[in-house]
Amino acid sequence: MDLTVARVLAHRAAVQGLHGDDPGAVLPLGVVDSPPGTGAAALGVRGRREAAEDLVRVLSLRGAPHLHRRADLPALRRQLRPRTPRQLAAWCGAHPVPDLAHLDLVVDLLHREFPGETATKGELSAAISPLLPAAVTPHCPTCGVDHVIENVFRLATLLAGIELEQHGRQLVFRRPTARPDVEDPGEPTLLRDYARLVGPFAKADAEKWLGAGPQETWPDLRPVRVDGRRLLAHEDVADAPEPPAGLLLFPRDPYLLGPRHLVADPDVAKRVWRPVGGPGALVLHGRVTGAWRHEFRGRMVTFRVTGWSKVRGEARRAIARQAEVLAGVWGGAVLGSDVVEW
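Residues numbered from 1 in each chain as written. Predicted model: local features only at pLDDT ≥ 70, side-chain atom pairs only at ≥ 80, totals over all residues. Heavy atoms only, no water.

Asks: What's the story with the pairing of strand β14 (residues 287-297) in this structure? I'm lost.
Replies: Side-chain positions along a regular strand alternate between the two faces of the sheet. In the sheet, strand β13 (residues 280-284) pairs with β14 via five bridges, with the strands oriented antiparallel. When the bridges of β14 are listed, G280 appears paired with W292. The antiparallel pairing of β13 with β14 creates a hairpin that spans two residues between the two strands, and H285 there sits at a positive phi of about 55°. As defined by bridge partners, β14 adjoins strand β15 (residues 300-305) across six bridges and the pair is classed as antiparallel. Its bridge partner being in β15, R297 is matched across the sheet by M300. (Pairing = 2+ DSSP bridges. Helix = DSSP H or I, 4+ residues; strand = E, 2+ residues; numbered from the N terminus.)

See the structure below:
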(Lines give C-alpha, C1' and ligand atoms only; values in the text may rest on other atoms or scores of the structure.)
Protein backbone atom coordinates (compact mmCIF):
# COMPACT_ATOMS: atom_id res chain seq x y z
CA MET A 1 0.00 0.00 0.00
CA ASP A 2 1.23 3.49 -0.85
CA LEU A 3 0.46 6.25 1.64
CA THR A 4 1.23 9.94 1.91
CA VAL A 5 2.88 11.53 4.94
CA ALA A 6 -0.15 13.81 5.30
CA ARG A 7 -2.49 10.84 5.60
CA VAL A 8 -0.24 9.11 8.14
CA LEU A 9 0.02 12.20 10.36
CA ALA A 10 -3.71 12.88 10.17
CA HIS A 11 -4.36 9.29 11.24
CA ARG A 12 -1.81 9.55 14.06
CA ALA A 13 -3.29 12.76 15.43
CA ALA A 14 -6.78 11.27 15.36
CA VAL A 15 -6.00 7.94 17.04
CA GLN A 16 -3.89 9.71 19.68
CA GLY A 17 -6.79 11.95 20.73
CA LEU A 18 -5.20 15.25 19.68
CA HIS A 19 -8.58 16.58 18.53
CA GLY A 20 -9.76 16.41 22.16
CA ASP A 21 -12.27 13.61 21.66
CA ASP A 22 -10.32 10.86 23.49
CA PRO A 23 -7.98 12.33 26.14
CA GLY A 24 -6.76 8.94 27.33
CA ALA A 25 -6.08 7.41 23.92
CA VAL A 26 -2.29 7.38 24.37
CA LEU A 27 -2.26 5.86 27.86
CA PRO A 28 -1.57 2.31 26.59
CA LEU A 29 1.89 3.66 25.66
CA GLY A 30 2.36 5.50 28.92
CA VAL A 31 3.16 9.21 29.05
CA VAL A 32 6.60 10.54 29.98
CA ASP A 33 6.40 12.46 33.27
CA SER A 34 9.84 13.98 33.66
CA PRO A 35 9.98 16.60 35.02
CA PRO A 36 6.85 15.91 37.09
CA GLY A 37 3.79 17.61 35.66
CA THR A 38 4.72 17.13 32.01
CA GLY A 39 2.70 13.91 31.85
CA ALA A 40 -0.44 15.65 33.07
CA ALA A 41 0.25 18.47 30.62
CA ALA A 42 0.62 16.02 27.70
CA LEU A 43 -2.82 14.66 28.58
CA GLY A 44 -4.13 18.19 29.08
CA VAL A 45 -3.41 19.19 25.48
CA ARG A 46 -5.56 16.18 24.51
CA GLY A 47 -8.46 17.44 26.61
CA ARG A 48 -7.94 15.66 29.93
CA ARG A 49 -8.56 18.16 32.72
CA GLU A 50 -9.57 16.02 35.69
CA ALA A 51 -7.16 14.66 38.29
CA ALA A 52 -5.44 11.44 37.37
CA GLU A 53 -6.54 9.19 40.24
CA ASP A 54 -6.51 6.18 37.93
CA LEU A 55 -2.87 6.75 36.95
CA VAL A 56 0.35 5.79 38.70
CA ARG A 57 3.87 7.14 38.24
CA VAL A 58 6.54 4.46 37.80
CA LEU A 59 9.95 3.99 36.21
CA SER A 60 9.13 2.09 33.05
CA LEU A 61 10.18 2.52 29.41
CA ARG A 62 13.94 3.14 29.20
CA GLY A 63 13.91 3.55 33.00
CA ALA A 64 12.21 6.96 32.74
CA PRO A 65 9.28 8.17 34.88
CA HIS A 66 5.97 7.59 33.10
CA LEU A 67 2.30 7.83 33.92
CA HIS A 68 0.47 4.54 33.37
CA ARG A 69 -2.92 3.14 34.15
CA ARG A 70 -2.53 0.74 37.05
CA ALA A 71 -4.45 -1.90 35.10
CA ASP A 72 -1.77 -1.78 32.36
CA LEU A 73 1.17 -2.50 34.68
CA PRO A 74 1.13 -6.32 34.40
CA ALA A 75 1.42 -6.15 30.61
CA LEU A 76 4.12 -3.50 30.95
CA ARG A 77 6.17 -5.67 33.31
CA ARG A 78 5.70 -8.70 31.07
CA GLN A 79 7.10 -6.99 28.00
CA LEU A 80 9.93 -5.09 29.70
CA ARG A 81 11.18 -8.07 31.72
CA PRO A 82 14.41 -9.36 30.11
CA ARG A 83 14.14 -13.00 28.97
CA THR A 84 17.60 -13.25 27.37
CA PRO A 85 21.08 -11.88 28.16
CA ARG A 86 20.83 -9.62 25.09
CA GLN A 87 17.66 -8.08 26.46
CA LEU A 88 19.21 -7.56 29.90
CA ALA A 89 22.21 -5.94 28.17
CA ALA A 90 19.90 -3.14 27.01
CA TRP A 91 19.57 -2.07 30.68
CA CYS A 92 23.28 -2.33 31.52
CA GLY A 93 24.83 0.41 29.40
CA ALA A 94 28.57 -0.14 29.08
CA HIS A 95 28.74 -2.49 32.08
CA PRO A 96 29.26 -6.25 31.74
CA VAL A 97 25.94 -8.07 31.72
CA PRO A 98 25.14 -9.95 34.95
CA ASP A 99 23.09 -13.14 35.11
CA LEU A 100 19.34 -12.90 34.68
CA ALA A 101 19.02 -14.32 38.21
CA HIS A 102 20.74 -11.21 39.56
CA LEU A 103 17.78 -9.10 38.42
CA ASP A 104 15.45 -11.27 40.51
CA LEU A 105 17.80 -10.80 43.45
CA VAL A 106 17.60 -7.02 43.09
CA VAL A 107 13.81 -7.26 43.07
CA ASP A 108 13.85 -9.44 46.21
CA LEU A 109 16.11 -7.02 48.06
CA LEU A 110 13.99 -4.00 47.11
CA HIS A 111 11.15 -5.62 49.04
CA ARG A 112 13.17 -6.97 51.95
CA GLU A 113 15.38 -3.94 52.57
CA PHE A 114 13.05 -1.06 51.72
CA PRO A 115 13.87 1.63 54.34
CA GLY A 116 10.75 3.23 55.80
CA GLU A 117 7.49 4.11 54.09
CA THR A 118 9.23 6.18 51.41
CA ALA A 119 12.82 6.34 50.17
CA THR A 120 14.83 8.38 47.71
CA LYS A 121 16.72 6.67 44.92
CA GLY A 122 19.97 7.15 46.81
CA GLU A 123 18.57 5.71 50.03
CA LEU A 124 17.09 2.69 48.30
CA SER A 125 20.21 1.99 46.25
CA ALA A 126 22.38 2.30 49.37
CA ALA A 127 20.15 -0.16 51.23
CA ILE A 128 20.51 -2.95 48.67
CA SER A 129 23.87 -2.42 46.95
CA PRO A 130 26.06 -3.84 49.78
CA LEU A 131 24.01 -7.05 49.65
CA LEU A 132 24.48 -7.64 45.93
CA PRO A 133 27.33 -9.45 44.14
CA ALA A 134 30.00 -7.46 42.31
CA ALA A 135 28.55 -8.48 38.94
CA VAL A 136 25.60 -6.15 39.47
CA THR A 137 27.37 -3.44 41.54
CA PRO A 138 30.26 -2.07 39.46
CA HIS A 139 32.29 0.88 40.66
CA CYS A 140 30.73 4.26 39.80
CA PRO A 141 33.40 6.94 39.22
CA THR A 142 30.81 9.71 39.55
CA CYS A 143 29.56 8.56 42.96
CA GLY A 144 32.89 7.13 44.08
CA VAL A 145 31.25 3.91 45.35
CA ASP A 146 30.10 0.52 44.11
CA HIS A 147 26.35 0.46 43.54
CA VAL A 148 23.70 -1.39 41.56
CA ILE A 149 23.70 -0.65 37.83
CA GLU A 150 21.48 2.41 37.33
CA ASN A 151 18.98 1.15 34.79
CA VAL A 152 18.90 -2.36 36.26
CA PHE A 153 17.84 -0.69 39.50
CA ARG A 154 15.19 1.34 37.69
CA LEU A 155 13.81 -1.72 35.91
CA ALA A 156 13.79 -3.69 39.16
CA THR A 157 11.60 -1.06 40.87
CA LEU A 158 8.98 -1.62 38.17
CA LEU A 159 9.18 -5.40 38.47
CA ALA A 160 8.94 -5.08 42.25
CA GLY A 161 5.71 -3.09 42.02
CA ILE A 162 7.25 0.11 43.42
CA GLU A 163 5.55 3.40 42.57
CA LEU A 164 6.83 6.97 42.66
CA GLU A 165 5.57 9.84 44.73
CA GLN A 166 5.88 13.32 43.27
CA HIS A 167 8.30 15.49 45.24
CA GLY A 168 9.71 18.02 42.81
CA ARG A 169 12.44 16.59 40.59
CA GLN A 170 13.66 14.05 43.15
CA LEU A 171 12.72 10.40 42.70
CA VAL A 172 10.88 9.29 45.84
CA PHE A 173 9.64 5.71 46.02
CA ARG A 174 6.71 4.38 48.02
CA ARG A 175 7.04 1.10 49.95
CA PRO A 176 5.45 -1.68 47.86
CA THR A 177 2.55 -3.57 49.37
CA ALA A 178 3.15 -6.86 47.56
CA ARG A 179 5.53 -8.27 45.00
CA PRO A 180 3.78 -8.79 41.65
CA ASP A 181 3.76 -12.23 40.10
CA VAL A 182 6.30 -12.94 37.39
CA GLU A 183 4.33 -12.73 34.15
CA ASP A 184 4.87 -15.43 31.55
CA PRO A 185 5.87 -14.30 28.04
CA GLY A 186 2.80 -13.44 26.07
CA GLU A 187 1.35 -11.18 23.42
CA PRO A 188 3.54 -8.20 22.41
CA THR A 189 0.97 -5.82 23.88
CA LEU A 190 3.10 -2.70 23.99
CA LEU A 191 4.39 -3.16 20.46
CA ARG A 192 0.84 -3.69 19.19
CA ASP A 193 -0.29 -0.48 20.88
CA TYR A 194 2.76 1.32 19.51
CA ALA A 195 1.93 0.16 15.97
CA ARG A 196 -1.72 1.12 16.39
CA LEU A 197 -1.10 4.59 17.82
CA VAL A 198 1.99 5.59 15.82
CA GLY A 199 1.04 4.17 12.45
CA PRO A 200 3.70 3.07 9.94
CA PHE A 201 7.07 2.59 11.65
CA ALA A 202 10.42 0.83 11.45
CA LYS A 203 11.28 -1.92 13.93
CA ALA A 204 14.38 -0.01 15.05
CA ASP A 205 12.18 2.96 16.04
CA ALA A 206 9.91 0.75 18.12
CA GLU A 207 12.77 -1.06 19.87
CA LYS A 208 14.48 2.24 20.67
CA TRP A 209 11.25 3.51 22.24
CA LEU A 210 10.76 0.30 24.22
CA GLY A 211 14.37 0.27 25.42
CA ALA A 212 14.20 -3.44 26.30
CA GLY A 213 16.58 -4.97 23.79
CA PRO A 214 15.85 -7.08 20.68
CA GLN A 215 12.25 -8.24 20.58
CA GLU A 216 11.53 -11.83 19.62
CA THR A 217 7.76 -11.48 19.17
CA TRP A 218 5.97 -8.85 17.10
CA PRO A 219 2.33 -8.25 16.20
CA ASP A 220 1.27 -9.08 12.66
CA LEU A 221 2.88 -6.51 10.36
CA ARG A 222 2.74 -5.82 6.66
CA PRO A 223 4.92 -3.59 4.47
CA VAL A 224 3.67 -0.19 3.33
CA ARG A 225 5.28 2.73 1.53
CA VAL A 226 5.01 6.26 2.84
CA ASP A 227 6.02 8.77 0.19
CA GLY A 228 8.16 6.03 -1.34
CA ARG A 229 9.86 4.84 1.87
CA ARG A 230 9.23 1.32 3.07
CA LEU A 231 7.82 0.96 6.59
CA LEU A 232 5.63 -1.51 8.51
CA ALA A 233 2.01 -1.25 9.63
CA HIS A 234 -0.24 -3.31 11.87
CA GLU A 235 -3.60 -1.80 10.95
CA ASP A 236 -5.10 0.17 8.09
CA VAL A 237 -4.27 3.87 8.05
CA ALA A 238 -7.74 5.33 7.84
CA ASP A 239 -8.71 8.71 6.46
CA ALA A 240 -8.90 11.32 9.23
CA PRO A 241 -9.30 15.08 9.68
CA GLU A 242 -6.21 17.21 9.29
CA PRO A 243 -4.11 17.49 12.48
CA PRO A 244 -4.80 20.47 14.76
CA ALA A 245 -3.44 23.75 13.41
CA GLY A 246 -1.08 24.27 16.34
CA LEU A 247 0.28 22.14 19.18
CA LEU A 248 2.83 22.56 21.96
CA LEU A 249 4.12 19.03 22.61
CA PHE A 250 6.68 17.88 25.15
CA PRO A 251 9.83 15.89 24.32
CA ARG A 252 8.92 12.23 23.72
CA ASP A 253 5.23 13.00 23.31
CA PRO A 254 3.61 9.97 21.64
CA TYR A 255 2.88 12.04 18.53
CA LEU A 256 6.66 12.41 18.02
CA LEU A 257 7.34 8.66 18.04
CA GLY A 258 8.20 6.66 14.96
CA PRO A 259 10.33 7.74 11.97
CA ARG A 260 11.35 11.35 12.53
CA HIS A 261 11.37 12.18 8.84
CA LEU A 262 7.59 11.90 8.85
CA VAL A 263 7.16 14.82 11.25
CA ALA A 264 10.22 17.05 10.82
CA ASP A 265 12.87 18.17 8.37
CA PRO A 266 16.44 17.18 9.36
CA ASP A 267 17.51 20.68 10.44
CA VAL A 268 14.48 21.03 12.72
CA ALA A 269 14.94 17.51 14.11
CA LYS A 270 18.51 18.36 15.20
CA ARG A 271 17.19 21.24 17.31
CA VAL A 272 14.27 19.37 18.87
CA TRP A 273 15.46 15.77 19.42
CA ARG A 274 18.31 15.97 21.91
CA PRO A 275 19.57 13.19 24.21
CA VAL A 276 19.19 15.30 27.37
CA GLY A 277 17.20 18.43 28.12
CA GLY A 278 15.52 18.69 24.75
CA PRO A 279 12.96 21.44 24.17
CA GLY A 280 9.31 20.91 23.40
CA ALA A 281 8.14 20.61 19.80
CA LEU A 282 6.17 23.33 18.04
CA VAL A 283 3.82 21.47 15.70
CA LEU A 284 1.98 23.40 12.99
CA HIS A 285 -0.54 21.56 10.79
CA GLY A 286 0.99 18.21 11.79
CA ARG A 287 4.67 19.02 11.19
CA VAL A 288 7.33 19.98 13.74
CA THR A 289 8.51 23.42 12.66
CA GLY A 290 10.34 24.65 15.76
CA ALA A 291 10.93 24.36 19.47
CA TRP A 292 9.67 25.91 22.70
CA ARG A 293 10.46 26.18 26.39
CA HIS A 294 8.59 27.64 29.32
CA GLU A 295 9.40 29.38 32.58
CA PHE A 296 7.37 30.42 35.61
CA ARG A 297 7.44 34.04 36.73
CA GLY A 298 5.08 34.84 39.56
CA ARG A 299 1.59 34.06 38.33
CA MET A 300 2.58 33.86 34.68
CA VAL A 301 3.92 31.02 32.54
CA THR A 302 5.96 32.42 29.67
CA PHE A 303 6.26 30.20 26.58
CA ARG A 304 9.23 31.01 24.37
CA VAL A 305 8.48 29.72 20.87
CA THR A 306 10.82 29.75 17.89
CA GLY A 307 9.34 31.57 14.92
CA TRP A 308 6.35 32.80 16.95
CA SER A 309 6.35 36.15 15.12
CA LYS A 310 5.76 34.30 11.83
CA VAL A 311 2.90 32.08 13.06
CA ARG A 312 -0.37 33.40 11.70
CA GLY A 313 -4.11 32.76 11.61
CA GLU A 314 -5.65 29.64 13.12
CA ALA A 315 -2.24 28.22 14.02
CA ARG A 316 -1.41 31.29 16.14
CA ARG A 317 -4.78 31.15 17.89
CA ALA A 318 -4.36 27.41 18.50
CA ILE A 319 -0.92 27.85 20.09
CA ALA A 320 -2.23 30.61 22.34
CA ARG A 321 -5.06 28.27 23.45
CA GLN A 322 -2.53 25.48 24.06
CA ALA A 323 -0.51 27.81 26.29
CA GLU A 324 -3.64 28.60 28.30
CA VAL A 325 -4.42 24.90 28.66
CA LEU A 326 -0.93 24.10 29.92
CA ALA A 327 -1.00 26.98 32.40
CA GLY A 328 -4.35 25.66 33.63
CA VAL A 329 -3.02 22.13 34.07
CA TRP A 330 -0.09 23.40 36.13
CA GLY A 331 -1.87 26.07 38.16
CA GLY A 332 -5.62 25.89 37.70
CA ALA A 333 -7.06 29.39 37.63
CA VAL A 334 -3.98 30.83 39.36
CA LEU A 335 -1.57 30.91 36.42
CA GLY A 336 -1.85 32.96 33.25
CA SER A 337 0.07 32.40 30.02
CA ASP A 338 2.11 34.51 27.66
CA VAL A 339 3.65 33.42 24.34
CA VAL A 340 6.73 35.26 23.09
CA GLU A 341 9.42 34.87 20.44
CA TRP A 342 12.33 32.62 21.40
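Asks: Help me out: how do you make sense of the packing of aromatic side chains in this one?
Replies: Ring pairs (aromatic) are described by centroid distance and by the angle formed between their planes. This model, assessed by the stated rule, comprises nine aromatic pairs. Look at F250 and W292: their rings are 5.2 Å apart centre to centre, the planes differ by 70°, and that puts the pair in the edge-to-face class. One end of the pair, F250, is in the loop between β12 (246-249) and α10 (266-272); the other, W292, is in strand β14, with 42 residues separating them in the sequence. With respect to class, F250 is no different from W292; both count as buried. (Phe/Tyr/Trp six-rings, centres within 6.5 Å; stacked < 30°, edge-to-face > 60°. Buried < 20%, exposed > 50% of the residue type's maximum accessible area, 1.4 Å probe, protein only.)

Asks: Is there a simple way to think about the environment of G44 in this case?
Replies: Mapping G44 onto the fold places it in helix α2 (residues 38-44). When its relative accessible area of 1% is taken as the criterion, G44 is described as buried. For the pair formed by G44 and V325, sequence separation is 281 residues and the distance between their alpha carbons is 6.7 Å.

Distances and angles like these do not, on their own, reveal function.
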